[in-house]
Amino acid sequence: MSSRRLVKLKEIYRMLGECAPGSTVKPGRHDLLIQFRGKVHFFPSGPHGKGDEGEIRVGKVRSLVRHLVIDPACAEKTLGIPFSALR
């Protein structure tokens, strides 16, 4: 079952700064290229024109955390999302 909860992009950037130090985010035409510890993940950039105020579904955040091997407990604490939602 997927969650329809949304997370603001600026909160995701904050989580990356705290839980994935050294990660880089490069904007693309329709997505973001996030790199951490030699791994790359393409991530949606949110609705056009929303910038950092854009919202992303928690399932995409869960995929980011798993793929880049970010500590889920840190992500939970930073984003305020239940740990079970990030598994």
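Quick notes on the rules
- Residues numbered from 1 in each chain as written.
- Predicted model: local features only at pLDDT ≥ 70, side-chain atom pairs only at ≥ 80, totals over all residues.
- Heavy atoms only, no water.
- Pairing = 2+ DSSP bridges.
- Helix = DSSP H or I, 4+ residues; strand = E, 2+ residues; numbered from the N terminus.
- Axes fitted to C-alpha atoms, helices over the stretch in contact; angles between N-to-C directions.
- Contact = heavy atoms within 4.5 Å.
- Disulfide = S-S within 2.5 Å.
- Core = buried A, V, L, I, M, F, W, Y, C linked by side-chain atoms within 4.5 Å.
- Buried < 20%, exposed > 50% of the residue type's maximum accessible area, 1.4 Å probe, protein only.
- Salt bridge = Lys/Arg side-chain N within 4 Å of Asp/Glu carboxyl O.

### A closer look at the sheet that holds strand E3 (residues 31–36)
Read from one edge to the other, the open sheet built from three strands follows the order E2-E3-E4, with strand pairing classed as antiparallel. Every interior strand has two partners, whereas the edge strands, strand E2 (24–27) and strand E4 (39–44), have only one. The average undirected angle you get between the axes of adjacent strands in this sheet is 25 degrees. The strands touched by helix H1 (residues 9–19) are E2, E3 and E4; relative to E3, the strand with the most contacts, the crossing angle is about 10 degrees.

### Overview of the state of the cysteines
Counted by the stated rule, this structure contains one disulfide. Disulfide pairing places Cys19 opposite Cys74 at an S-S distance of 2.0 Å. Taking the torsion about the S-S bond as the criterion, the Cys19 to Cys74 disulfide, at about -85 degrees, is left-handed. Remark: Cys74 occurs in helix H3 (residues 72–79) and Cys19 occurs in helix H1; sequence separation between them is 55 residues.

### Topic: the nonpolar core
Ranked by internal contacts, the top residues of the largest apolar core, which has 21 residues, are Ile12, Met15, Leu16, Phe43, Leu64 and Ile70. Here this core takes five residues from H1, the largest share from any one element. Apart from residues lying up to four places away in sequence, Leu64 is in contact with Ile12, Met15, Leu16, Ile34, His41, Phe43 and Ile70.

### Focus: the pairing of E4
One ladder, built from six bridges, connects E3 with E4; its direction is antiparallel. Residue pairing for E4: Ile34 is matched across the bridge by His41. Where E3 hands over to E4, the hairpin turn is made up of two residues, of which Arg37 adopts a positive phi near 50 degrees.

### So, the pattern of salt bridges
For the structure shown, the criterion picks out two salt bridges. Between Glu11 and Arg14 there is a salt bridge, and its shortest N-O distance comes to 2.6 Å. One end of the pair, Glu11, and the other, Arg14, are both in helix H1, three residues apart, so they sit about a helical turn from each other. The partner of Glu18 in a salt bridge is Arg14, and the shortest N-O contact between them spans 3.5 Å. On the criterion of helical spacing, the pair formed by Glu18 and Arg14 is a turn pair, its members being four residues apart in helix H1. Salt bridges here are not isolated pairs; linked through shared partners, they connect Glu11, Arg14 and Glu18.

Remember, this is a structural readout, not a statement about activity or role.
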